[in-house]
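Structural description and commentary
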Amino acid sequence: MDKEAKKVINKINNELKVYINESSFISLKCRNKVLDFFGEEFKVKLDTDRYQNVDLSILDDFTILCREDVYVPDESISSIEELEERYHRFQEKADRLIKKKDIDFDSKRNTNALINLLFVIFLFLLLIGIFALGLIAFFRGDYLDCLWFLFMFLPVVVPKLKNNLQNRIGLARDYLKSIIKKVK
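A few points on the structure. The structure presented is a predicted model; accordingly, all values stated were derived computationally and were not measured. (Residues numbered from 1 in each chain as written. Predicted model: local features only at pLDDT ≥ 70, side-chain atom pairs only at ≥ 80, totals over all residues. Heavy atoms only, no water.)

1. Topic: the side chain of arginine 31
Rule in force here: Working definition: helices are DSSP H or I runs of at least four residues, strands are E runs of at least two. Numbering for both runs from the N terminus. Under the scheme applied here, a residue whose accessible area is under 20% of the maximum for its type counts as buried, over 50% as exposed, and between as partly exposed, the area being computed with a 1.4 Å probe on protein chains only. Think of a polar contact as two N or O atoms within 3.5 Å of one another; within protein, one of them needs to be a possible hydrogen donor and the other a possible acceptor, and neighboring residues in sequence only count if both atoms come from side chains.
Inspection of the secondary structure puts arginine 31 in helix H2 (residues 28-42). By relative accessible area, arginine 31 is classed as buried at 2%. Polar contacts involving the side chain of arginine 31 include one to the side chain of asparagine 32, which spans 2.9 Å.

Below, the structure written as structure tokens:
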């Protein structure tokens, strides 16, 4: 095998590692789908279910090495051009999948911040409602309900809610500040 063919195989092996790492970062299901695409194009049945980490490479004789196992394609690869052609078909499928599954951290962070803001508003409304029920019970003369509220409900809920609410209010405040900065 000449130097040019070895360079092509090394380049393909390096790119395969990148594809496996990117798809593994997204999810195990995505990684397995990328490996299925590879198996379809190179006509091999890879046994990847038993491995957490997969290392995939093409050897000089056009066989496939997956971890310690060597796979021979059902339709043998006869030339470097055929290898490149199969790899480019695999590459197109894998790129499409990874682009579709790509995680957008900015929109995810904004969505989480908005959910947090809505949760803080809901908690405040809930606390106001519970406090109003306690006041209504007091003014109606249901002192037993009012005492239950003061001595049973508040001591249990308030300490647990205090730290959580402080953290959530801080996050919501930061989110509102970032929105105001963007508007200005």
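2. Describing helix H1 (residues 3-26)
Note the threshold: Each helix should span, by expectation, one fewer than its residue count multiplied by 1.5 Å.
Compared with the 34 Å implied by 1.5 Å per residue over 24 residues, the 35 Å span of H1 between its first and last C-alpha is a close match. Those residues of H1 not exposed but buried are Ala5, Val8, Ile9, Ile12, Asn13, Leu16, Tyr19, Ile20, Ser23 and Ile26.

3. Thoughts on the packing of aromatic side chains
To keep things clear, this is the line we draw: Only rings of Phe, Tyr and Trp enter the pairing, Trp through its six-membered ring, and a pair is recorded when the two centres are within 6.5 Å. The plane angle decides the type: under 30 degrees is stacked, over 60 is edge-to-face, the rest tilted.
Counted according to the given criterion, the structure contains five aromatic pairs. Judged by centre distance (5.6 Å) and plane angle (75 degrees), the ring pair of tyrosine 19 and phenylalanine 90 falls under edge-to-face. Separated by 71 residues along the polypeptide, tyrosine 19 in helix H1 and phenylalanine 90 in helix H3 (residues 80-101) bring together distant segments of the chain. Here a set of aromatic residues connected by ring pairs shows up, and it is made of Tyr19, Phe38, Phe42, Tyr87 and Phe90.

4. Things to note about the nonpolar core
Operational definition: Throughout, nonpolar core names a set of buried Ala, Val, Leu, Ile, Met, Phe, Trp, Tyr and Cys residues whose side chains join them through atoms within 4.5 Å. Any two residues having at least one pair of non-hydrogen atoms within 4.5 Å are treated as being in contact.
If you look at the biggest cluster of nonpolar residues, it comprises 31 residues, and the most contacted ones within it are Phe38, Phe42, Leu46, Leu56, Ile64, Leu83 and Phe90. Breaking this core down by element, the ones donating at least two residues are H1, H2, strand E1 (56-58), strand E2 (64-66) and H3. Counting residues per element, this core draws most heavily on H1, at eight residues. Excluding its chain neighbours within four sequence positions, the residues that come into contact with isoleucine 64 are Phe38, Phe42, Val44, Leu46, Leu56, Ser57, Ile58, Asp69, Val70 and Tyr71. Residues Ala113, Leu117, Val120 and Ala172 belong to the second largest nonpolar core, which totals five residues.

5. Here's the deal with a nonpolar patch on the surface
Quick note on the threshold: Distance thresholds for patches are 9 Å for like charges and 5 Å for nonpolar side chains (Val, Leu, Ile, Met, Phe, Trp, Tyr), applied to residues having over 30% relative accessible area and no salt bridge. Under the convention used here, a 1.4 Å probe and the Shrake-Rupley method define accessible areas, while residue burial counts only the protein chains that appear. By definition, a salt bridge exists where a carboxyl oxygen of Asp or Glu is found within 4 Å of a side-chain nitrogen of Lys or Arg.
On the surface, Leu114, Leu118, Ile121, Leu125 and Ile128 cluster together into a nonpolar patch covering about 490 Å² of accessible area. For leucine 118, the position within the fold is in helix H4 (residues 105-140).

6. Here's the deal with H2
Given a rise of 1.5 Å per residue, 15 residues ought to cover 21 Å, and the 21 Å separating the end C-alpha atoms of H2 matches this to within 8%. What H2 keeps buried is the set Cys30, Arg31, Val34, Leu35, Phe37, Phe38, Gly39, Glu41 and Phe42. Count one or two residues on from H2 and you reach lysine 43, which has phi positive near 55 degrees.

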